[in-house]
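Here is how the chains run, residue by residue.
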Amino acid sequence: MSGVPITSPAVAPGRRPTLWRRSGSLLAAAVRKLDPRTQWRNPVLFLVWCGAVLTTLLAIIEPFTGGPAPSGGTTLPAGFTTAIAACLWLTLLAANLAEALAEGRGRTETTSLRLMRQNTTAHRIHHYDARTDAAAQHTSIRDVNSSRLEPGDVVILTAGDTIPADGEVIWGIASVDESAITGESAPVIRESGGDRSAVTGGTRVLSDRIIVRITARTGETAVDKMIDLAEGARRQKAPTELALSALLVSFSLSFVLIAATVNAIATPVASPVSVPVLVALVTCLIPTEIAALLSVTGIAGIYRLVQHNVLLNSSHALETSGDITTVLLDKTGTITEGDRRATRFVPVAGTSTAELIDAAVLASLDDPTPEGTSTIDLARQQGHCAGDTDNAVDADDMGRAGLGESVSFSAQTRMSGRDLVDGTLVRKGAESAVLGWLKRAGFQQTRHVVDQLRAQTVAIAKSGGTPLVVAIKPADGPGRVLGVIHLKDVVKAGLPSRIAQLRALGIRTVMVTGDNPLTAAAIAAEVGVDDYVGDATPQDKLEFIQREQAAGHFVAMSGDGTNDAPALAQADVGVAMNTSTSAAKEAANMIVLDDDPTRLVEIIEIGSRQMATRGALTTFNIANDLVRYVALFPALFVGVFPGLERLNILGLHSPASAILSTVIFGILVIAVLIPLALAGVPYRMTNLGRALNRNLLYYGIGGIVVPVVAIKLIDLLVTLIPGY
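Described below are features of the structure shown in this document.

Turning our eyes to something else, we now look at the side chain of D133. For D133, the location among the structural elements is in the loop between strand 1 (121-126) and strand 2 (140-145). Looking at D133, its side chain comes within polar contact range of the main-chain nitrogen of H138, at 2.7 Å. The residues contacting D133, other than those within four sequence positions of it, are Y128, H138 and T139.

The next point concerns the sheet that holds strand 17 (residues 508-512). The mixed open sheet is built from seven strands, whose spatial order is 9-21-20-19-10-17-18. Two strands lie at the open edges of the sheet, namely strand 9 (310-312) and strand 18 (531-533), each paired on one side alone. The mean angle between the axes of side-by-side strands here comes to 20°, regardless of whether they run parallel or antiparallel. Here strand 19 (residues 555-559) pairs with strand 20 (residues 573-577) via four bridges, running parallel. The residue of strand 20 that forms the bridge with M557 is G574. Contacting strand 17 and strand 18, helix 18 (residues 517-527) crosses the sheet at an angle of about 150° to strand 18.

Now for the sheet that holds strand 16 (residues 480-488). Strand order across the open sheet formed by six strands is 11-16-15-14-13-12, with antiparallel pairing between neighbours. Sheet topology places strand 11 (341-347) and strand 12 (405-407) at the edges, where each strand pairs with a single neighbour. Taking the axes of each pair of neighbouring strands and ignoring which way they run, one obtains an average angle of 20° across the sheet. With six bridges connecting them, strand 11 and strand 16 associate as antiparallel partners. Looking across to strand 16, one finds that R344 is bridged to H486. Lying on the sheet, helix 16 (residues 447-462) is in contact with strand 11, strand 15 (466-473) and strand 16; it crosses strand 16 at an angle near 5°.

Where a strand is regular, its side chains alternate between the two sheet faces. Across the eight residues that make up strand 15, a large majority, eight, are buried. A two-sided burial pattern is seen for strand 15, the buried positions comprising T466, L468, V470 and I472 on one face and P467, V469, A471 and K473 on the other. Relative to strand 15, strand 14 (residues 425-429) runs antiparallel, the two being bridged by five bridges. Within strand 15, the position partnered with G429 by the bridge is V469. Here strand 15 pairs with strand 16 via seven bridges, running antiparallel.

Reading guide: rules and limits
Residues numbered from 1 in each chain as written. Predicted model: local features only at pLDDT ≥ 70, side-chain atom pairs only at ≥ 80, totals over all residues. Heavy atoms only, no water. Helix = DSSP H or I, 4+ residues; strand = E, 2+ residues; numbered from the N terminus. Polar contact = N/O pair within 3.5 Å; in protein donor to acceptor, adjacent residues only side chain to side chain. Contact = heavy atoms within 4.5 Å. Pairing = 2+ DSSP bridges. Axes fitted to C-alpha atoms, helices over the stretch in contact; angles between N-to-C directions. Buried < 20%, exposed > 50% of the residue type's maximum accessible area, 1.4 Å probe, protein only.

Here you go:
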């Protein structure tokens, strides 16, 4: 699989956008962002905008007032204020261009996805009744535009139909093409029941017929969110970004305060500093670069997640992912394929194979999960069926009226089955749950039966399978264990190596499952996780995460079932699969569209890179400010106090050239840092702490060396202008 599914569709010859057109589009977007209503959202850039407006007005007035006013005893050359004003507008343009470029990348890469959200015709069922007509064979159907669908509407889809909106299959099974979203060309199976029932709007049904209940209205589907996030339209600032923005604003206000009071302090002994110079001082010293690129790093992080098929619901989750120390993985559907299939029936305590199969099929008649359907399939293959001692009646042809009521599986009871009309109760489920059920009914099994049962369940569990115990409680007889259904699951390809990558990062991996602890141990050993928790209820998963968090750990949880929803909501980073139930998706703050749980590696890497990039940019900007302060300070009053020339360490030619060179450097440094903000700082994931320290050192030193060299070179060019 490519892992980068979002690609632009083929463009006809002669229609491919030229570099000039793309540049013009980006420039136009950057110019539109000069609107003060847009700049106000970034207080630091808004200060620069105010300075640009003020110096522009002064530049317009100066020709009528005799030219630039002296500053600190220094006569400034003609056109100085105009040059400063132009540089400030270019600074804003560069800052806006950075954000426009980040958003533009998202728009370019989501071209094919936009085509998916075109309105289609949906076959909506009028008054759907799941009890009497689950397959919708005898109901009226109305064709409506997909834009009119609401959550809760039920539609019919057949081969060739485009799925009109996100939903879940409530009847049937079909092959679906999801390549436009996941990049995987092979079709996937979506069926009712279990954890593979979710379908995505814009994908296409390839075969069979399914009934789908809509779960998201037009404009709120996974595709819509994916497009808007990639383009930066729905991005919300995360807490760390908000805190850093507040810090930048406080720094900026302190420099504004200094500029506003410097003349009042210096006037008794020196000529006042002119307004254009004060504006240049403020705009050079405030953290303009990091303020301009902070949002770019956020958009770039979301864009990289989208490239890896991850849909982000919370910016805070992306930041937190870089701090993850513990990863909790649900077994079924996350670590394994999730399609546990019945492979054999193992009777115990003298029970015949036919009797065990009859009870197993009775307990599975209304079980839509792969476990239930595969149990019936296996019974058919062996020539048995339920409710008929002669094994002559097919289970699907049996009338449900004489079979009583089905008992659905519950995460709390960990059992399912059927209550027959004659009072007989049939159950299948985890060993401890079934034995507990019999004990509560007053039929505790003998030591011999328990030992025999345990020998079989242990053997199945050690082989990596899942034992599903079947028991019966007749209306007029003692309840007893009949035997075990052997279920087998498959570990997802490539997962062990990805677990090893997480371990190399110092991240502890824990597998949680409601299965037998021995089964959990076998799968855990095969996958290579650090620890496992078996027989886990939803409450157990939740309490485990709470204990980890209380110990100071940041926890990521990956799951796909409804019973995983509480744990996903509690985790610092909750990751659900695209095929997850609606409850799991709503509780999670990230959704993996290609159902690959190993995306956690990319999620953690992207979160770490984003934080490292912001740290490097902030360090570089602060170091820059130190150099710029050294360059500007002598220029303020050197005309009154010639001794300040000794502080001109960079050897800049004149006060005017020093100020203009420093302002020009501010423009260039934003332009140079844009690619870094988009790509992120390079580092090795094997030791994030050392990589972070190294980057801070590099960008700290670079933040001093680069402006020293650059400002000096710019000064040499500025001196070629007459008057400077």
